[in-house]
Every structure is written in structure tokens, then in C-alpha cells.
Protein chains: 2
Amino acid sequence: MSPAIAKTSETEILAAARQLVRQNGVDGLSMRDVAEAVGIRAPSLYKRFDDREALLRAVRAQVQEEFEAVLVKAAEGHPPAQALTKIAHAYRAFARGKPRMYRILHRPELAPRGGDAPSVTRNVVSSLVGESHAAQAADCICAFLHGFVTLELDGSFTRADSKSPDEAFAFSVYVVLQGLVNSADAPSGAGRATQVV
Amino acid sequence: MSPAIAKTSETEILAAARQLVRQNGVDGLSMRDVAEAVGIRAPSLYKRFDDREALLRAVRAQVQEEFEAVLVKAAEGHPPAQALTKIAHAYRAFARGKPRMYRILHRPELAPRGGDAPSVTRNVVSSLVGESHAAQAADCICAFLHGFVTLELDGSFTRADSKSPDEAFAFSVYVVLQGLVNSADAPSGAGRATQVV
DNA sequence: ACCTGAACACCGTTCAAGT
DNA sequence: ACCTGAACACCGTTCAAGT
């Protein structure tokens with residue numbers, strides 16, 4: 001009738017994996033550890049998830065949603081330029097607060113199959129620089145934000161000569177926004193960039 | 001007299017590891033593969049390198065030197081602003097040409113123990129925006145460059161709506177440089193960024 | 001002094017066997 | 001239907017034994 005009662009659930013496994021990723025990072029997560037955390041043996045995990053990658057993909061999707069929600073909330077009720085600044089600082093705060101969670105978002109092998117959903121940033125940027133440069137401007141901002149927090153998390157900034165990282169970030173955000181507003185009417189194209197100054 | 005003649009050398013092992021990293025990436029490199037490539041068994045590698053990390057660290061150091069050289073060469077003989085544009089495009093070309101080599105440069109666990117040597121970018125930036133903002137401006141540019149090429153290598157840009165990645169890059173480089181030049185006299189500090197526009 | 005096979009403690013994953 | 005132990009093919013690394 002009811003042979004071998006279920007000891008756990010997909011949801012519980014996902015939560016356990018999530019916590020382990022947060023503690024030990026993606027590379028530090030083993031199927032045996034996840035299994036132990038939910039009170040079963042590793043082979044049983046394969047009844048709920050195809051393989052380790054599928055499990056990590058599910059974790060990543062969950063983290064992605066939370067991250068997007070944080071950014072949306074940060075932007076709420078502000079005009080475009082200010083919203084972008086708020087987004088920038090919320091972005092960095094998330095990465096610094098949950099570095100291993102931020103990193104799982106950027107593991108190429110775990111990228112969502114259909115590409116990412118349209119982001120807040122994209123929309124806010126659009127209303128700032130106009131639709132013609134929206135995609136490129138969004139790429140520019142995403143690149144800067146991702147680069148900055150990654151280098152900061154990695155400890156790659158030489159802090160011997162620079163002031164506090166907070167000031168460097170605020171300065172950089174100002175620079176990029178300033179550049180975007182001023183370049184809103186610039187013709188896009190490779191030739192233009194080499195003629196600066 | 002001469003028991004157990006050496007079949008290989010530190011240099012040869014390093015070269016083999018380098019090639020394997022270029023082909024399969026850091027995570028794809030196994031000690032047994034390296035050993036086979038130089039005609040010995042895995043345990044013998046430990047006579048030349050302390051462990052896998054030490055070997056990868058040596059590879060990283062070599063790649064780092066090459067990368068720096070490429071950037072220096074790109075900047076040679078150009079005035080600051082143009083030099084920065086040249087550096088930017090050389091940076092991206094390197095990352096696209098040898099993605100696995102670029103990625104090994106940014107593995108935190110392989111970072112040089114004493115921090116990185118002073119970079120070309122830092123010097124060029126200094127002569128563009130002045131010494132007072134040099135460190136922050138260099139951080140800004142490094143962040144943008146690293147972020148852009150990483151997102152591009154990862155396929156994270158939605159290319160459905162944007163034009164070619166080349167144009168997005170040229171546009172972004174223009175934006176950041178424009179922002180830097182305009183912000184050269186801006187007071188640094190967190191408060192300022194929120195007052196943009 | 002350098003190289004080797006055997007071994008250890010880990011992985012992810014499969015599978016036949018249990019209930 | 002779900003769980004299990006045993007097993008397989010991999011890891012990095014150690015070590016006693018060979019020359």
C-alpha cells in the first residue's frame with residue numbers, strides 16, 4: 001500500500017541546498033551533504049532532481065527572483081536618475097551581504113535556458129536615455145555594477161592608495177550616470193569612441 | 001650515481017598546464033592529465049609543485065604578464081584619452097581571444113599574495129583625470145572592463161534588442177570616458193552621487 | 001634525486017534490491 | 001513510490017618502495 005514513506009520533499013531539498021550554497025559556495029556543495037541535511041542518502045536525491053546541476057539551477061532561479069525583488073523595491077517611487085543610483089547601491093549591498101548568492105547568479109553553466117527576464121534596470125535606463133540607446137546603456141550599467149562588486153568581493157582593488165570602497169563606488173556610479181546623460185544624444189558606433197577629447 | 005633520470009622539468013610542466021587550462025579551463029585541469037602530457041605519473045608532479053593550486057598559481061602569473069604586456073603595447077605612443085580607448089579594446093580582444101586565460105586571472109584563490117603590480121591603466125588614468133581621483137577612476141574603468149567582458153563571455157547580454165556587441169562596447173567606453181573627463185573636478189564622496197541630474 | 005604503483009578519502013552517479 | 005548499500009569511474013594527495 002504505502003511502501004517507503006517519503007522522508008522529504010523537493011521544497012525541503014531546495015531549501016537545504018540554498019543554505020549550503022550560502023555557507024560554502026557552489027563549489028562547496030556536495031550531493032552527500034545535501035542528502036544528509038534532509039535526512040536521506042545521496043542516491044535518493046536523484047528521484048527529485050535530475051542531477052547536481054538541475055538542483056543548483058533551481059537554487060539559482062530562486063536567488064535570481066529575490067535579487068530582482070530587492071532591486072525593484074530600491075527603485076520604487078524615485079525618478080529615473082535617482083532610481084538608478086538606488087539600484088546601484090542595493091545591487092552592491094546584496095552582493096556584499098550574500099556574496100555566495102550573488103556569485104551563483106553568474107555561473108554560466110547555470111544560466112536560465114531562455115535567457116534572463118527583462119530587468120528593472122533596463123526599464124529605468126530606457127526612461128533616462130531614451131529608447132534608442134536603452135539596450136546599450138543598460139549593458140553599460142550592468143557591466144559596471146557586475147565588474148565593481150566582483151572585483152570588490154575578490155579583493156582585487158588595491159586599497160593602498162584609494163579611499164574607502166564606499167567612496168570609490170559612489171564616485172564611479174556618479175561618473176557612469178554622468179557619462180550616460182551626456183551621451184544620450186551621441187551617435188552609437190565604434191568610430192566615435194576613438195575620437196573622445 | 002644517476003638514479004632515476006629526470007623525465008621533465010618545471011618549465012615543461014608549466015607549459016603543459018598552461019595549454020590544458022587554455023583548452024579546458026581551470027576546473028577542467030586534472031593533475032593526472034598534466035602528468036600524462038609530460039610523460040610522467042601524477043605523484044611525480046608533487047616533486048616540482050606543492051599542489052594543484054601552486055601549479056595553477058604559476059600559470060596565472062604567466063598569463064598575467066602576457067596580459068599586461070598586451071595592454072602596455074596597445075597604449076604605447078598615444079595621448080591619455082586615446083590610450084584608454086586602445087587599452088579598452090585590447091582588453092576585450094584578449095578576453096574574447098583567450099577566454100579561459102582571461103578567467104584564470106580572476107580566480108580569487110589564485111590571486112597573487114602581495115596584490116597585483118601597478119597596472120598601465122592606473123598610470124594612464126592618472127594623467128587623464130589628475131592624481132586626486134586617479135585610484136577611484138582606475139577602479140571605475142577596471143570594473144567596467146571586467147564586467148563587460150565577463151558578461152559578454154558568459155553570454156549574459158540580451159542581444160535580442162541591442163545592436164552588435166561591438167557597438168555596445170564602443171558606446172560604453174565612450175560613456176565611461178565622457179563621464180570621467182566631466183567628473184574630473186567633482187568632489188568625491190557618497191553624498192554627491194545621489195544628487196545627479 | 002626522481003619516478004612509481006598502491007592506497008586513502010573524497011566526488012557524482014547508477015542500479016539492483018528492499019519495503 | 002521512495003529509500004538504500006554497494007559499486008563505478010573519477011578526483012587530489014600521500015607514501016613506501018624502487019633505481
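Residues numbered from 1 in each chain as written. Chains lettered and ligands numbered in written order. Predicted model: local features only at pLDDT ≥ 70, side-chain atom pairs only at ≥ 80, totals over all residues. Heavy atoms only, no water.

**Q** Sorry if this is basic, but what is going on with the overall build of chain A here?
**A** Along chain A, the regular secondary structure elements total ten helices and zero strands. For chain A, the proportion of its 197 residues judged to be buried stands at 47%. Pairs at least 24 apart in sequence give 70% of the contacts found in chain A among residues at least 6 apart. For chain A, the accessible area works out to roughly 9600 Å², and carbon and sulfur atoms hold 51% of it. (Helix = DSSP H or I, 4+ residues; strand = E, 2+ residues; numbered from the N terminus. Buried < 20%, exposed > 50% of the residue type's maximum accessible area, 1.4 Å probe, protein only. Contact = heavy atoms within 4.5 Å. Areas by Shrake-Rupley, 256 points an atom, 1.4 Å probe, with all protein chains shown as cover.)

**Q** Would you mind showing me how to read the layout of surface pockets here?
**A** One water molecule sets the probe size; rolling that probe over the atoms shows where empty space is left. In this structure, the largest pocket occupies an estimated 1000 Å³ of space. Listed by contribution, the elements that provide at least two residues to the lining of the largest pocket are helix H6 (99-105) and helix H8 (134-153) of chain A together with helix H6 (99-104) and helix H8 (134-153) of chain B. For the lining of the largest pocket, the leading source of residues is H6(B), giving five residues. Split into classes, the residues belonging to the lining of the largest pocket amount to ten nonpolar, twelve polar and twelve charged. (1 Å grid on protein atoms, 1.4 Å probe; cavity = no way out; pocket = protein on both sides within 12 Å on 5 of 7 lines; lining within 4 Å. Points joined across faces, edges and corners; volume = space filled by probe spheres on them. Nonpolar A, V, L, I, M, F, W, Y, C, P; charged D, E, K, R; others polar.)

**Q** Where do I start with the protein's contact with DNA strand D in this structure?
**A** Neighbouring residues of DNA strand D: 23 residues in total, closest Ala4(A), Lys7(A), Ser44(A), Arg32(B) and Tyr46(B). Close to the protein, within 4 Å, the atoms of DNA strand D are drawn from sugar and phosphate at a rate of 52%. Between Leu29(B) and DNA strand D, the recorded distance is 3.4 Å, taken from a backbone N or O atom to a phosphate oxygen. At 2.8 Å from a base nitrogen of DNA strand D is found a side-chain nitrogen or oxygen belonging to Arg32(B). Of all the elements in the fold, those that place two or more residues in the surface near DNA strand D are helix H3 (42-45) of chain A together with helix H2 (31-37) of chain B. In terms of residue class, the surface near DNA strand D is built from twelve nonpolar, three polar and eight charged. (Near = heavy atom within 4 Å. Polar contact = N/O pair within 3.5 Å; in protein donor to acceptor, adjacent residues only side chain to side chain.)

**Q** Hey, could you run me through empty space enclosed by the protein in this one?
**A** Under the defined criterion, the tally for this structure stands at two cavities of 30 Å³ or more. Approximately 60 Å³ is the volume attributed to the largest cavity. Together, Leu84(A), Ile87(A), Ala88(A), Ile141(A), Phe144(A), Leu145(A), Val173(A), Val176(A) and Leu177(A) line the largest cavity. Sorting the residues of the lining of the largest cavity by element identifies helix H5 (80-97), H8 and helix H9 (165-182) of chain A as the ones contributing at least two each. As for the second largest cavity, its lining consists of Leu84(B), Ala88(B), Ile141(B), Phe144(B), Leu145(B), Val173(B), Val176(B) and Leu177(B). Broken down by secondary-structure element, the contributors of at least two residues to the lining of the second largest cavity are helix H5 (80-97), H8 and helix H9 (165-182) of chain B. Residues of the lining of the second largest cavity, tallied by class, amount to eight nonpolar, no polar and no charged.

**Q** Could you clarify how one ought to interpret the confidence of the model for chain A in this entry?
**A** In low-pLDDT regions, the fine details of the predicted coordinates are not to be read closely. Here chain A averages 91 in pLDDT, and 90% of its residues register 70 or above. Between residues 189-197 of chain A, whose pLDDT stays under 50, and residues either more than four places distant or in other chains, the model counts 16 contacts. (pLDDT = per-residue confidence, 0-100.)

**Q** Would you mind showing me how to read the packing of H8(A) against H8(B) here?
**A** To describe two helices that pack against each other, one gives the angle between their axes and the distance between the axes. Running from N to C, H8(A) and H8(B) point in directions that differ by 110 degrees, and their axes come no closer than 6 Å. As far as their axial angle goes, H8(B) and H8(A) are roughly perpendicular. Contact residues: H8(A) offers Cys140(A), Cys142(A), Ala143(A), Phe144(A), His146(A), Gly147(A), Phe148(A), Thr150(A) and Leu151(A), while H8(B) offers Cys140(B), Cys142(B), Ala143(B), Phe144(B), His146(B), Gly147(B), Phe148(B), Thr150(B) and Leu151(B). Residue composition of the contact of H8(A) with H8(B), grouped by class: twelve nonpolar, six polar and no charged. (Axes fitted to C-alpha atoms, helices over the stretch in contact; angles between N-to-C directions. Parallel < 35°, antiparallel > 145°, perpendicular 65-115°, else oblique.)

**Q** What should I look at first to understand the protein's contact with DNA strand C in this one?
**A** Looking at DNA strand C, there are 24 residues lining it, with Arg32(A), Tyr46(A), Ala4(B), Lys7(B) and Ser44(B) nearest. Among atoms of DNA strand C positioned within 4 Å of the protein, sugar and phosphate together represent 52%. One nitrogen or oxygen atom from the side chain of Tyr46(A) is found 2.7 Å from a phosphate oxygen belonging to DNA strand C. At 2.9 Å, a backbone N or O of Arg41(B) approaches a phosphate oxygen of DNA strand C. When contributions to the surface near DNA strand C are tallied by element, the ones reaching two or more residues are helix H2 (31-37) and H3 of chain A together with helix H3 (42-45) of chain B. Counted by class, the surface near DNA strand C contains 13 nonpolar, three polar and eight charged residues.

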